[in-house]
Amino acid sequence: MQRIGILTGGGDAPGLNAVIRAAVKTAINQFNCEVFGIRNGYDGFIEENGILRLGLESVRGILPRGGTILGAANRGNPYARKVIRSGKEVTIDVSDEIVKGIKRLKLDALLVLGGDGTLRIAHELYQKGVPVIGVPKTIDNDIGGTDITFGFDTALSIATAEAHHRVMVLELMGRDAGFIALHSGVAGGADVILIPEIPFKYEAVAARVRGRVEHGTLFSIIAVSEGAKPAGGAQVFSRGGDEVYVPRLGGVGQVVGEYLEKAGFETRVTVLGHLQRGGTPTAFDRWLATRYGAAAVRVAAEGRFDRMVALDSAKIIDIALADALAVPKRVEPDGDAVLTARGIGISFGDE
Ligand code: F6P
């Protein structure tokens, strides 16, 4: 193995730079490789100045930095790229151009740091001959085959730091997985946690708040996952989607807050939003990201591709990308995390 490429795709997540740093250091120190950073996700292969030589000096000091030194194209899907042709916006497939760009660079391996969308593209590019290895990145923790993705722990620590006040509704990210709301809700002392995996009833949420007031406790914390939905109802979106953009979830916290206001409780709604994705990674995420980055290079050196590094019961392993992507990870409604929350008296708004 002589030449390795690294790219970061999708939205940013704390720990991306820590993975890049570990991969660059391992590739150079342990395997004497040349390393290339691809700017702005897959787009870097076809953009001017899209490739950056990465040396040890390029990664000095980046361990605690949020974001990614490589930039990331949030919707950088080579199979569906929006371009302007004859004054009109059209969607085209540039995957063959991307593959040509990768071949021109003579990469022996391409490390792809991304969530499900970016990793799915990596898996498809492998079918076109690109030697990919995935690293699971997302604050949502919704990738199959791994106990945890990097970025999740930092998102939790930010969410718990914010969770205080009167009747406080805190809307958290996570898409269709309730991990962020569940874990930060438990760690932040929430009284009610609403997640996509357990449909809720508005009246049950109000009843919990009312019960607390009747016992003299005037404050309640309600952690709401952006993907939570009422039983028999629908998720709340702030924007629709198309063939390039996925629909954007958002607004359920406000809806829950308005219901509680009407039920007579003074309520404040906070949407943490992208704050959860910024900032310096926690020590846990730096440790995990470093292990993932180094392991991805080792897997590359063994010439095993279309794989994803993963954490399995505290050990770093690698699994087939197809297996990681087959079933998205979700909170188990009867699993120990939910039982723990119920056991300490947290309501999921379902009874
Ligand atoms: O997947 C990470 C995530 O932060 C989700 O929790 C959230 O729904 C989504 O990305 C937001 O995407 P965007 O940055 O495009 O608004």
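Residues numbered from 1 in each chain as written. Predicted model: local features only at pLDDT ≥ 70, side-chain atom pairs only at ≥ 80, totals over all residues. Heavy atoms only, no water.

Trainee: Describe in detail the packing of aromatic side chains, supporting the description with residues and values.
Mentor: Inspection of every chain in the model, using the stated rule, returns 3 aromatic pairs. Pairing Phe 152 with Phe 179 gives two aromatic rings, centres 6.5 Å apart and planes at 85 degrees, and the pair type is edge-to-face. You can see Phe 152 sitting in helix α4 (residues 152-162) and its partner Phe 179 sitting in helix α5 (residues 179-187), a full 27 residues away along the chain. When sorted by exposure, Phe 152 lands in the same class as Phe 179, which is buried. (Phe/Tyr/Trp six-rings, centres within 6.5 Å; stacked < 30°, edge-to-face > 60°. Helix = DSSP H or I, 4+ residues; strand = E, 2+ residues; numbered from the N terminus. Buried < 20%, exposed > 50% of the residue type's maximum accessible area, 1.4 Å probe, protein only.)

Trainee: Any chance you could break down the pattern of salt bridges for me, citing the residues and the numbers?
Mentor: On inspection of all chains with the given rule, the structure shows 20 salt bridges. Between Glu 351 and Arg 342 there is a salt bridge; the shortest N-O distance is 3.7 Å. Taking relative accessible area as the criterion, Glu 351 reaches 73% and is therefore assigned exposed. (Salt bridge = Lys/Arg side-chain N within 4 Å of Asp/Glu carboxyl O.)

Trainee: Got a sec to walk through the pairing of strand β14 (residues 307-312)? Specific residues and values, please.
Mentor: As paired elements, strand β7 (residues 132-136) and β14 share 2 bridges and run parallel to each other. Its bridge partner being in β14, Ile 133 is matched across the sheet by Arg 307. Where β14 folds back on strand β15 (residues 315-320), the antiparallel hairpin that results is connected by 2 residues, among which Ser 313 adopts a positive phi of roughly 45 degrees. (Pairing = 2+ DSSP bridges.)

Trainee: Please give an account of the nonpolar core that cites residues and values.
Mentor: Where a protein is soluble and globular, its nonpolar side chains tend to be buried together. Formed by 59 residues in total, the largest nonpolar core has its most connected members in Ile 6, Leu 111 and Ile 193. Top contributing element to this core by residue count: helix α8 (residues 283-301), with 8 residues. Leave out the neighbours within four places in its chain, and Ile 193 touches Ala 181, Leu 182, Gly 185, Val 186, Ala 223, Ile 346, Ser 347 and Phe 348. Core analysis: the second largest hydrophobic core is formed by 26 residues, Ile 38, Leu 125, Ala 310 and Leu 321 among them. (Core = buried A, V, L, I, M, F, W, Y, C linked by side-chain atoms within 4.5 Å. Contact = heavy atoms within 4.5 Å.)

Trainee: Describe the packing of helix α1 (residues 16-29) against α8, listing the residues and the values that go with them.
Mentor: With their axes 7 Å apart at the nearest point, α1 and α8 run at an angle of 40 degrees to one another. Considered as vectors, α1 and α8 are oriented oblique to each other. In this structure, α1 crosses over α8, and the sense of that crossing is right-handed. Here Ala 18, Val 19, Ala 22, Ala 23, Thr 26 and Ala 27 of α1 lie close against α8, whose contacting residues are Arg 286, Ala 289, Thr 290, Gly 293, Ala 294 and Val 297. Partitioning the contact of α1 with α8 into residue classes produces 8 nonpolar, 3 polar and 1 charged. (Axes fitted to C-alpha atoms, helices over the stretch in contact; angles between N-to-C directions. Parallel < 35°, antiparallel > 145°, perpendicular 65-115°, else oblique. Left-handed = near helix turned anticlockwise from the far one by under 90°. Nonpolar A, V, L, I, M, F, W, Y, C, P; charged D, E, K, R; others polar.)

Trainee: Give a description of the sheet that holds β14 that names residues and reports values.
Mentor: The strand order across the open sheet formed by 7 strands is β3-β2-β1-β6-β7-β14-β15, and the pairing between neighbours is mixed. The open sheet terminates on both sides in strands that have one partner only, identified here as β3 (51-54) and β15. Ignoring which end each strand starts from, the neighbouring axes of this sheet average 30 degrees apart. Strand contacts of α8: β1 (3-8), β6 (109-114), β7, β14 and β15, with the helix running at about 140 degrees to β14, the strand carrying the most contacts.

Trainee: Requested: an account of the site of the ligand, with residues and values cited.
Mentor: As a matter of local geometry, the ligand sits amid Asn 74, Arg 75, Thr 138, Ile 139, Asp 140, Met 173, Gly 174, Arg 175, Glu 226, Arg 248, His 274 and Arg 277. Within the backbone of Gly 174, one N or O atom sits 3.0 Å away from an oxygen atom of the ligand. Contact distances for the ligand include 2.5 Å between an oxygen atom and a side-chain N or O atom of Glu 226. (Near = heavy atom within 4 Å. Polar contact = N/O pair within 3.5 Å; in protein donor to acceptor, adjacent residues only side chain to side chain.)

Trainee: Go over the packing of helix α6 (residues 202-214) against helix α7 (residues 252-262), please, and point to the residues and values.
Mentor: The interhelical angle for the contact between α6 and α7, taken along N-to-C directions, is 60 degrees, at an axis separation of 10 Å. Between α6 and α7, the interaxial angle falls into the category oblique. Between α6 and α7 lies a crossing whose hand is right-handed. Of the residues in α7, those in contact with Tyr 202, Glu 203, Val 205, Ala 206 and Val 209 of α6 are Val 255, Val 256, Tyr 259 and Leu 260. A breakdown of the residues in the contact of α6 with α7 according to their chemical character gives 8 nonpolar, no polar and 1 charged.

Trainee: Kindly report on the environment of Val 256, identifying the contributing residues and their values.
Mentor: Position of Val 256 relative to the elements: it lies in helix α7. A relative accessible area of 1% means that Val 256 is categorised as buried. Separated by 16 residues in the primary sequence, Val 256 and Gly 240 have C-alpha atoms spaced 21 Å apart. Beyond its immediate stretch of four places on either side in the chain, Val 256 contacts Val 169, Leu 194, Phe 200, Tyr 202 and Val 205.

Trainee: Tell me about the sheet that holds strand β13 (residues 267-271), residues and numbers included.
Mentor: Taken in spatial order, the 4 strands of this open sheet run β9-β10-β8-β13, and their pairing is parallel. The open sheet terminates on both sides in strands that have one partner only, identified here as β9 (192-194) and β13. Here the strands of the sheet are splayed against their neighbours by 15 degrees on average, with no regard to which way each runs. With 6 bridges connecting them, strand β8 (residues 167-172) and strand β10 (residues 220-225) associate as parallel partners. Following the sheet pairing, Glu 171 is matched in β10 by Val 224. In the packing of α6 onto the sheet, contacts are made with β8, β9 and β10, and the angle to β10 comes to roughly 160 degrees.

Worth remembering: the numbers are spatial, not functional.
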